[in-house]
Amino acid sequence: MPRSQPSERKVFGRPIGEYQLAQVKLARMAMALCASRQFTYAVAELMDHNEGVVEASMVKLFAGRSAEWLTREAMQIHGGMGYAEETAVSRYFVDARVLSIFEGAEEILALKVIARSLVDQAHAG
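Quick caveat: nothing in here was measured; it's all calculated off a predicted structure.

Asker: Describe the overall build of the protein chain, with residues and values.
Answerer: Looking only at helices and strands, one finds 4 helices and 2 strands in the protein chain. Counting from the amino terminus, the protein chain carries its helices and strands in the arrangement β-β-α-α-α-α. Here the C-alpha atoms of the protein chain give a radius of gyration of 18 Å, more than 25% beyond the 14 Å that 2.2 N^0.38 yields for 125 residues. Oriented by its inertia axes, the alpha-carbon framework of the protein chain measures out at about 60 × 25 × 25 Å. With an accessible surface of roughly 8,600 Å², the protein chain has 61% of that area assigned to carbon and sulfur atoms. Each charge class in the protein chain can be summarised by its mean position, and for the 14 positive and 15 negative side chains these summaries are 8 Å apart.

See the structure below:
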(Lines give C-alpha, C1' and ligand atoms only; values in the text may rest on other atoms or scores of the structure.)
Protein backbone atom coordinates (compact mmCIF):
# COMPACT_ATOMS: atom_id res chain seq x y z
CA MET A 1 0.00 0.00 0.00
CA PRO A 2 1.39 3.44 -0.84
CA ARG A 3 2.43 5.42 2.18
CA SER A 4 3.74 8.89 1.45
CA GLN A 5 5.29 11.23 3.98
CA PRO A 6 5.89 14.99 3.82
CA SER A 7 9.57 14.29 3.08
CA GLU A 8 8.63 12.13 0.06
CA ARG A 9 6.03 14.34 -1.63
CA LYS A 10 7.61 16.98 -3.84
CA VAL A 11 6.01 20.25 -4.92
CA PHE A 12 7.84 22.53 -7.34
CA GLY A 13 10.90 20.31 -6.96
CA ARG A 14 11.12 20.51 -3.16
CA PRO A 15 9.88 18.11 -0.48
CA ILE A 16 6.59 19.37 0.95
CA GLY A 17 8.07 19.24 4.47
CA GLU A 18 10.49 22.05 3.56
CA TYR A 19 7.67 24.54 3.05
CA GLN A 20 6.77 26.74 6.02
CA LEU A 21 3.04 26.19 5.57
CA ALA A 22 3.46 22.43 5.88
CA GLN A 23 5.71 22.91 8.91
CA VAL A 24 3.14 25.19 10.59
CA LYS A 25 0.41 22.64 9.84
CA LEU A 26 2.50 19.86 11.39
CA ALA A 27 3.23 21.97 14.49
CA ARG A 28 -0.46 22.79 14.98
CA MET A 29 -1.36 19.15 14.43
CA ALA A 30 1.17 18.06 17.06
CA MET A 31 -0.27 20.62 19.49
CA ALA A 32 -3.86 19.40 18.99
CA LEU A 33 -2.80 15.77 19.34
CA CYS A 34 -0.90 16.51 22.56
CA ALA A 35 -3.84 18.49 24.00
CA SER A 36 -6.28 15.67 23.18
CA ARG A 37 -3.99 13.08 24.70
CA GLN A 38 -3.37 15.04 27.92
CA PHE A 39 -7.06 15.87 28.30
CA THR A 40 -7.87 12.17 27.89
CA TYR A 41 -5.30 11.17 30.52
CA ALA A 42 -6.65 13.76 32.97
CA VAL A 43 -10.22 12.54 32.52
CA ALA A 44 -9.13 8.91 32.82
CA GLU A 45 -7.57 9.81 36.18
CA LEU A 46 -10.89 11.33 37.28
CA MET A 47 -12.76 8.25 36.10
CA ASP A 48 -10.40 6.06 38.14
CA HIS A 49 -11.80 7.92 41.17
CA ASN A 50 -15.46 7.56 40.09
CA GLU A 51 -15.62 11.18 38.95
CA GLY A 52 -15.53 13.03 35.65
CA VAL A 53 -18.70 11.86 33.92
CA VAL A 54 -19.28 15.25 32.30
CA GLU A 55 -15.57 15.63 31.56
CA ALA A 56 -15.65 12.26 29.79
CA SER A 57 -18.31 13.64 27.46
CA MET A 58 -16.26 16.79 26.95
CA VAL A 59 -13.10 14.88 26.11
CA LYS A 60 -14.99 12.63 23.68
CA LEU A 61 -16.34 15.71 21.90
CA PHE A 62 -12.96 17.48 21.92
CA ALA A 63 -10.87 14.48 20.87
CA GLY A 64 -13.35 13.47 18.18
CA ARG A 65 -13.30 16.94 16.64
CA SER A 66 -9.53 17.06 16.95
CA ALA A 67 -9.15 13.70 15.23
CA GLU A 68 -11.30 14.84 12.34
CA TRP A 69 -9.38 18.10 11.98
CA LEU A 70 -6.00 16.35 12.28
CA THR A 71 -6.79 13.80 9.61
CA ARG A 72 -8.23 16.46 7.30
CA GLU A 73 -5.00 18.44 7.64
CA ALA A 74 -2.98 15.29 6.96
CA MET A 75 -5.00 14.72 3.79
CA GLN A 76 -4.17 18.28 2.71
CA ILE A 77 -0.47 17.69 3.25
CA HIS A 78 -0.64 14.47 1.22
CA GLY A 79 -2.39 16.26 -1.63
CA GLY A 80 -4.31 14.17 -4.16
CA MET A 81 -2.94 10.94 -2.73
CA GLY A 82 -4.53 11.86 0.59
CA TYR A 83 -7.95 11.31 -0.93
CA ALA A 84 -7.14 7.95 -2.51
CA GLU A 85 -9.04 5.25 -0.64
CA GLU A 86 -6.04 2.92 -0.58
CA THR A 87 -3.95 5.32 1.51
CA ALA A 88 -3.84 5.12 5.28
CA VAL A 89 -4.55 8.85 5.73
CA SER A 90 -7.83 8.53 3.83
CA ARG A 91 -8.93 5.63 6.01
CA TYR A 92 -7.93 7.52 9.16
CA PHE A 93 -10.13 10.43 8.08
CA VAL A 94 -13.13 8.13 7.61
CA ASP A 95 -12.47 6.56 11.02
CA ALA A 96 -12.16 10.00 12.65
CA ARG A 97 -15.36 11.21 10.99
CA VAL A 98 -17.38 8.34 12.43
CA LEU A 99 -16.23 9.25 15.97
CA SER A 100 -18.56 12.25 15.97
CA ILE A 101 -21.48 10.02 14.97
CA PHE A 102 -20.65 6.97 17.09
CA GLU A 103 -22.55 6.67 20.38
CA GLY A 104 -24.56 9.83 19.75
CA ALA A 105 -24.04 12.77 17.46
CA GLU A 106 -21.85 15.66 18.64
CA GLU A 107 -24.83 17.98 19.04
CA ILE A 108 -26.69 15.51 21.25
CA LEU A 109 -23.59 14.91 23.35
CA ALA A 110 -23.02 18.65 23.75
CA LEU A 111 -26.67 19.44 24.45
CA LYS A 112 -27.85 16.55 26.59
CA VAL A 113 -24.78 15.77 28.62
CA ILE A 114 -22.45 18.76 28.77
CA ALA A 115 -24.79 21.75 28.53
CA ARG A 116 -27.44 20.28 30.84
CA SER A 117 -24.80 19.51 33.44
CA LEU A 118 -23.43 23.06 33.25
CA VAL A 119 -26.92 24.55 33.59
CA ASP A 120 -27.71 22.27 36.54
CA GLN A 121 -24.44 23.32 38.22
CA ALA A 122 -25.26 27.01 37.69
CA HIS A 123 -28.70 26.55 39.26
CA ALA A 124 -27.27 24.59 42.18
CA GLY A 125 -24.55 27.16 42.91
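Asker: Which residues make up the confidence of the model for the protein chain, and what values go with them?
Answerer: Put simply, the protein chain has an average pLDDT of 86, and 92% of its residues get 70 or more. When the elements of the protein chain are averaged for pLDDT, helix H4 (residues 106-124) gives the smallest value, 80, and helix H1 (residues 20-48) the largest, 97.

Asker: I'd like a description of the packing of aromatic side chains, backed by residues and values.
Answerer: Any aromatic ring pair is given by two values, namely how distant the centres are and how the planes are angled relative to each other. Under the defined criterion, the tally for this structure stands at 1 aromatic pair. Both rings, one in Phe39 and one in Phe62, keep their centres 5.8 Å apart while their planes meet at 65 degrees; by these two values the pair is edge-to-face. With a gap of 23 residues between them, Phe39 in helix H1 and Phe62 in helix H2 (residues 53-78) connect regions that are remote in the sequence. Stacked on the ring of Tyr19, the Lys or Arg Arg14 has its end atom at 4.3 Å from the ring centre.

Asker: So, the nonpolar core: which residues are in play, and what are the values?
Answerer: Core analysis: the biggest nonpolar cluster contains 10 residues, these being Val11, Ile16, Ala22, Met29, Ala32, Leu70, Ala74, Met75, Ile77 and Val89. Where this core is concerned, the elements lending two or more residues are H1 and H2. A total of 4 residues in this core trace back to one element, the largest contributor, which is H2. Discounting chain neighbours no more than four positions away, the residues touching Ala74 are Met29 and Val89.

Asker: Can you break down H2 residue by residue, with the values?
Answerer: Its 26 residues give H2 an end-to-end C-alpha distance of 37 Å, which sits within 8% of 38 Å, the value for a rise of 1.5 Å per residue. Within two residues after H2, Gly79 carries a phi angle of roughly 65 degrees, on the positive side.

Definitions and limits used
- Every chain is numbered on its own, with residues counted from 1 as its sequence reads.
- Reporting of local features is limited, given that this is a predicted model, to residues whose pLDDT is at least 70; pairs of side-chain atoms are given and counted only at 80 or more, and all residues count toward the totals for whole chains, interfaces and linings.
- For side-chain calculations, the full set of non-hydrogen atoms in the structure is used, while hydrogens and water are omitted.
- Secondary structure follows DSSP: runs of H or I at least 4 residues long count as helices, runs of E at least 2 residues long count as strands, and numbering of each begins at the N terminus.
- The globule rule used for comparison is 2.2 Å times the number of residues to the exponent 0.38, while the radius of gyration itself is calculated over C-alpha atoms.
- Accessibility throughout is a Shrake-Rupley quantity obtained with a 1.4 Å probe, and a residue counts as covered only by protein chains that appear here.
- His is not counted here, nor are the chain ends, while Lys and Arg score as positive and Asp and Glu score as negative.
- A charge is said to be at NZ when it belongs to Lys, at CZ for Arg, at CG for Asp and at CD for Glu.
- pLDDT measures how confident the predictor is about each residue, on a scale from 0 to 100.
- Two aromatic rings, drawn from Phe, Tyr or Trp (for Trp, its six-membered ring), form a pair once their centres lie within 6.5 Å of each other, and the interplanar angle then sorts them: stacked below 30 degrees, edge-to-face above 60, tilted otherwise.
- Note on criteria: charge over ring means Lys NZ or Arg CZ within 6 Å of the ring centre, with the direction from the centre no more than 35 degrees off the ring normal.
- Buried Ala, Val, Leu, Ile, Met, Phe, Trp, Tyr and Cys residues that are joined via side-chain atoms within 4.5 Å together make up what is termed a nonpolar core.
- Exposure is judged per residue with a 1.4 Å probe applied to protein chains only, and the accessible area is read against the type maximum: over 50% gives exposed, under 20% gives buried, and values in between give partly exposed.
- Throughout, a contact is declared for two residues whenever any of their heavy atoms are within 4.5 Å.
- One less than the number of residues in a helix, times 1.5 Å, gives the span that helix is expected to have.

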